[in-house]
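Chain by chain, the residues run as shown.
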Amino acid sequence: MIRLFDLRKTYKTRHETLEVLKGITLTVPDRKFVMLLGESGSGKSTLANILGLLDTPTSGEYWLDEVPIHTLTSKARTDLRREKVSFVFQSFNLIPTMTARENIELPLGYRGVPKEERGERVEAVLREVGLSARAAHVPSELSGGEQQRIAIARALVVEPSLLIADEPTGNLDKSTTKAVMETLTEAGRGKTVFMITHNEELTAYADEVYALRAGLLA
Ligand SMILES: Nc1ncnc2c1ncn2[C@@H]1O[C@H](COP(=O)(O)OP(=O)(O)O)[C@@H](O)[C@H]1O
Ligand SMILES: [Mg+2]
């Protein structure tokens with residue numbers, strides 16, 4: 001469960017102080033698919049990066065699964081991120097010289113999963129995203145939608161409890177967007193998914209929808 005209380009984020013640059021989040025209070029129960037809408041520059045990625053433990057708020061409280069994140073050291077926060085959170089971004093960020101299978105296996109290596117276990121887990125998520133037949137392709141041999149579905153598989157193979165998807169369909173056309181949304185909702189079932197989008201049509205896939213406007217949630 002995610003709970004935010006009066007969360008604020010201010011960026012200080014040399015010339016100005018920019019208040020991006022002005023007091024966000026939010027509860028997200030486990031295993032919900034939550035969407036966040038908002039204009040460009042409204043602070044969506046800032047909020048997503050705080051939720052995903054990549055960034056810290058200026059003030060306020062963030063409780064993740066009863067852990068007071070706002071009190072953690074940066075090391076403890078990083079450890080918890082590795083244990084619980086995965087990300088999917090607009091740019092798929094696959095390694096171009098590696099096959100789909102190798103890209104998906106990579107985070108298992110980083111997290112010290114024994115080599116004998118990795119293959120089976122990779123094949124299982126490849127099946128979940130419906131791309132077993134593309135496992136030996138490198139990213140340039142995959143369509144944009146397929147690349148994003150491989151990125152979703154890579155995010156899910158570590159079994160995160162929270163998946164953050166920051167404009168995952170931002171680079172995709174309409175029919176590909178549909179395939180990616182179906183993959184995200186089906187393969188992501190059982191996880192808390194926090195997705196950012198510009199596309200109001202996609203809110204049909206969500207359990208809960210919020211909009212970020214003038215630093216506040218509506
Ligand atoms: N590290 C930073 N330093 C200063 N300003 C930033 C930084 N990151 C984001 N911003 C500013 O904060 C605002 C919100 O950014 P962002 O969260 O990326 O918005 P969105 O994802 O909704 O487009 C923007 O005006 C952006 O320029
Ligand atoms: Mg953004």
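Below is a short write-up of the structure. (Residues numbered from 1 in each chain as written. Chains lettered and ligands numbered in written order. Predicted model: local features only at pLDDT ≥ 70, side-chain atom pairs only at ≥ 80, totals over all residues. Heavy atoms only, no water.)

This part is about unusual backbone geometry. Of note in this structure, L53 is not a glycine but carries a positive phi near 65°. By the secondary structure assignment, L53 is in the loop between α1 (44-51) and β4 (59-64). With a relative accessible area of 1%, L53 lands in the buried category. The phi dihedral of E167 is positive, around 50°, even though this residue is not glycine. (Helix = DSSP H or I, 4+ residues; strand = E, 2+ residues; numbered from the N terminus. Buried < 20%, exposed > 50% of the residue type's maximum accessible area, 1.4 Å probe, protein only.)

A separate point is the layout of surface pockets. In this structure, the largest pocket encloses a volume near 510 Å³. Looking at the largest pocket, it is lined by 18 residues, and the ones nearest its centre are V85, S86, F87, P107 and R111. Those elements that place two or more of their residues in the lining of the largest pocket are α2 (74-84), β6 (85-89), α3 (100-110) and α5 (144-156). Sort the elements by how many residues they give to the lining of the largest pocket and β6 lands first, with five residues. (1 Å grid on protein atoms, 1.4 Å probe; cavity = no way out; pocket = protein on both sides within 12 Å on 5 of 7 lines; lining within 4 Å. Points joined across faces, edges and corners; volume = space filled by probe spheres on them.)

Near ligand 1 you find Y11, T13, L18, V20, E39, S40, G41, S42, G43, K44, S45 and T46, and these make up its full shell. G43 is positioned such that a nitrogen or oxygen atom in its backbone is 3.0 Å from an oxygen atom of ligand 1. Considered on its own, ligand 1 offers 570 Å² of accessible surface; in the complex 59% of this is hidden by protein. When contributions to the shell around ligand 1 are tallied by element, the ones reaching two or more residues are β2 (17-28) and α1. In terms of residue count, the dominant contributor to the shell around ligand 1 is α1 (three residues). Split into classes, the residues belonging to the shell around ligand 1 amount to three nonpolar, seven polar and two charged. (Near = heavy atom within 4 Å. Polar contact = N/O pair within 3.5 Å; in protein donor to acceptor, adjacent residues only side chain to side chain. Areas by Shrake-Rupley, 256 points an atom, 1.4 Å probe, with all protein chains shown as cover. Nonpolar A, V, L, I, M, F, W, Y, C, P; charged D, E, K, R; others polar.)

By the definition in use, this model includes twelve salt bridges. Of the charged contacts in the structure, one is a salt bridge between E66 and R3, with a shortest N-O distance of 3.2 Å. One end of the pair, E66, is in the loop between β4 and β5 (67-68); the other, R3, is in strand β1 (residues 2-12), and 63 residues separate them in sequence. Its relative accessible area of 23% is what places R3 among the partly exposed residues. (Salt bridge = Lys/Arg side-chain N within 4 Å of Asp/Glu carboxyl O.)

Take α5 next. Under the 1.5 Å per step criterion, the end-to-end length of α5 is 18 Å for 13 residues, consistent within 8% with the ideal 18 Å. Counted residue by residue, α5 has twelve buried out of 13 residues, so it is predominantly covered. By the burial criterion, the buried members of α5 are G145, E146, Q147, Q148, R149, I150, A151, I152, A153, R154, A155 and L156. On its buried side, α5 packs onto β6, α3, α4 (115-128), β7 (162-166) and α6 (174-187). (Expected span 1.5 Å × (residues − 1). Contact = heavy atoms within 4.5 Å.)

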